[in-house]
Each structure stands twice: as structure tokens, then as C-alpha cells.
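Below are the chains, spelled out letter by letter.
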Amino acid sequence: MSSRKPIIGIAGGIGSGKRLHCRAVGELNCAVIDSDAQVRLAYSDPRVAQTIREWWGGDAFLADGQINRAAIAGRIFNDPEERRRLENLIHPWVNEARSQEMRKLADDPQTVAFVWDTPLLFEAGLNRECDALVFIDAPFDLRLHRVSEGRGWDRGELARRENLQWPLDRKREISDYVIENTADTGEARSQVRAVLSRILERASHCRGPA
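Residues numbered from 1 in each chain as written. Predicted model: local features only at pLDDT ≥ 70, side-chain atom pairs only at ≥ 80, totals over all residues. Heavy atoms only, no water.

Peer 1: How would you explain helix α7 (residues 155-162) if you had to name every residue and give the values?
Peer 2: Residues Glu157, Leu158, Arg161 and Glu162 constitute the buried set of α7. Mapping the buried residues of α7 onto a view down its axis gives an arc of 130°, with all of them on the same face. The inward-facing, buried residues of α7 contact α4 (69-77), α6 (140-151) and α8 (168-174). (Buried < 20%, exposed > 50% of the residue type's maximum accessible area, 1.4 Å probe, protein only. Helix = DSSP H or I, 4+ residues; strand = E, 2+ residues; numbered from the N terminus. Arc of directions from axis to C-beta. Contact = heavy atoms within 4.5 Å.)

Here it is as C-alpha cells:
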């Protein structure tokens, strides 16, 4: 672990409750960097939007001129080459936005750690830049219930999307810590506090005395 503020990468299956974890650590003075929010900002960049229009035409846009993320998702999920092309456009933008946000907070004494909320943490190789990896685990049926209620997905849609990512068992095995996120929110938050305390203690030991 490095001498700077530790970087904590969050992983877990779709619907596992990673956002709950991120809210909890945010309340504990961690700076949560939300890749999904940065992707939305990337899509609002005129240069990105123009490139997408050149690739896929008006079908990639809503009537108000905004990017139609659902249409793009439908296209890239069925075409790995198109998915890689989009990632090569968006990921550098998001990486730079992440770096800028971290630079702004690097000397903030109130910020104890950075937390990367990145859906493709392992797939994009960002896990190698983290000082600690936390896997949020939840039973499949609970995750299916959450995405069914929140996103309208069925079992097949959840499986289809997860098949595009690393196997969950592999992510869990590589991670340094595991948080069991069931329906008991209080228990999950207690685990979050305990894991963060261990990560910060380890970071302090690695830095040594001031």
C-alpha cells in the first residue's frame, strides 16, 4: 500500500448493493468516485457525442439530443467489437476525470481514502491501481429481486449482463475483503466500518511514523 491516501476498489455482482457501501463509506470521510456519473458527463461532451453520431447516427440519440444509453447498450451487448470501440472512447475520458477529482482532494485532511465505484473495475484493469479491493457479496435471488424491482430485469437479462464480466467467484477470490450484504442494512454498515478501519490501519502502518 502506498504512502498516499489509500484507493479502495469496490466490486460485486450486479444488484449486490455496492451503492449502499459507497454511501456508507462516504459518511465516513471517504471520497467516492462514481464512474457511472463520470460516464454520463462523458456522454455530454460534444466531442464524444459527435463521434458516436458518426458511428451510429441518430439512432444513438433521444429526441432531445441526449445520448440514448439504452440504445447504445443494446448495440454493444450484441457486438463485442463495438463494445471495445465504445470503451476505447469513453474509458480515457473517465480515467482523466477520476484523476482530476483525486488531485483536487489529495491534500484535503478530511478525506481519509478514495473509493472507486467502477462497474468494470477488474475488466478495465483498474484493480491493479487499488490499494485494497472490497467485494460486496449478496445471494443471487436477492440480487435478482433488486434488479427486477429497480430496473425491470428478469433472470435472463441479469445473467446476460453478468456474462460480459469476470466471474464473480474470481472477483471474490482476488479481493482483500468481503462484505456480506443481505437485507440487514445495519449489519452491512457495521461490516463497512470494520473493513474501512482495517484498511486505514494498514495504510497507517505502511506509511510509518510522521
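Having seen the model, we can carry on.
Peer 1: Tell me about the pattern of salt bridges, and name the residues and values.
Peer 2: Using the criterion set out here, one finds 14 salt bridges in the structure. Between Asp34 and Arg19 there is a salt bridge; the shortest N-O distance is 3.7 Å. Taken together, the residues Asp34 in strand β2 (residues 30-34) and Arg19 in helix α1 (residues 18-26) connect sequence positions 15 residues apart. With its nearest N and O atoms 3.0 Å apart, the salt bridge here joins Arg160 to Glu157. (Salt bridge = Lys/Arg side-chain N within 4 Å of Asp/Glu carboxyl O.)

Peer 1: Go over empty space enclosed by the protein with me, naming the residues and quoting the values.
Peer 2: To find leftover empty space, one rolls a probe the size of a water molecule over the atoms. Under the counting rule described, the total for this entry stands at three cavities of 30 Å³ or more. Quantified by volume, the largest cavity comes out at close to 40 Å³. Lining the largest cavity we find Gly17, Leu20, His21, Ile136, Ile179, Asn181, Ala188 and Val192. The set of elements that each furnish at least two residues to the lining of the largest cavity consists of α1 and α9 (185-207). Here the lining of the largest cavity is built from residues that sort into five nonpolar, three polar and no charged. (1 Å grid on protein atoms, 1.4 Å probe; cavity = no way out; pocket = protein on both sides within 12 Å on 5 of 7 lines; lining within 4 Å. Points joined across faces, edges and corners; volume = space filled by probe spheres on them. Nonpolar A, V, L, I, M, F, W, Y, C, P; charged D, E, K, R; others polar.)

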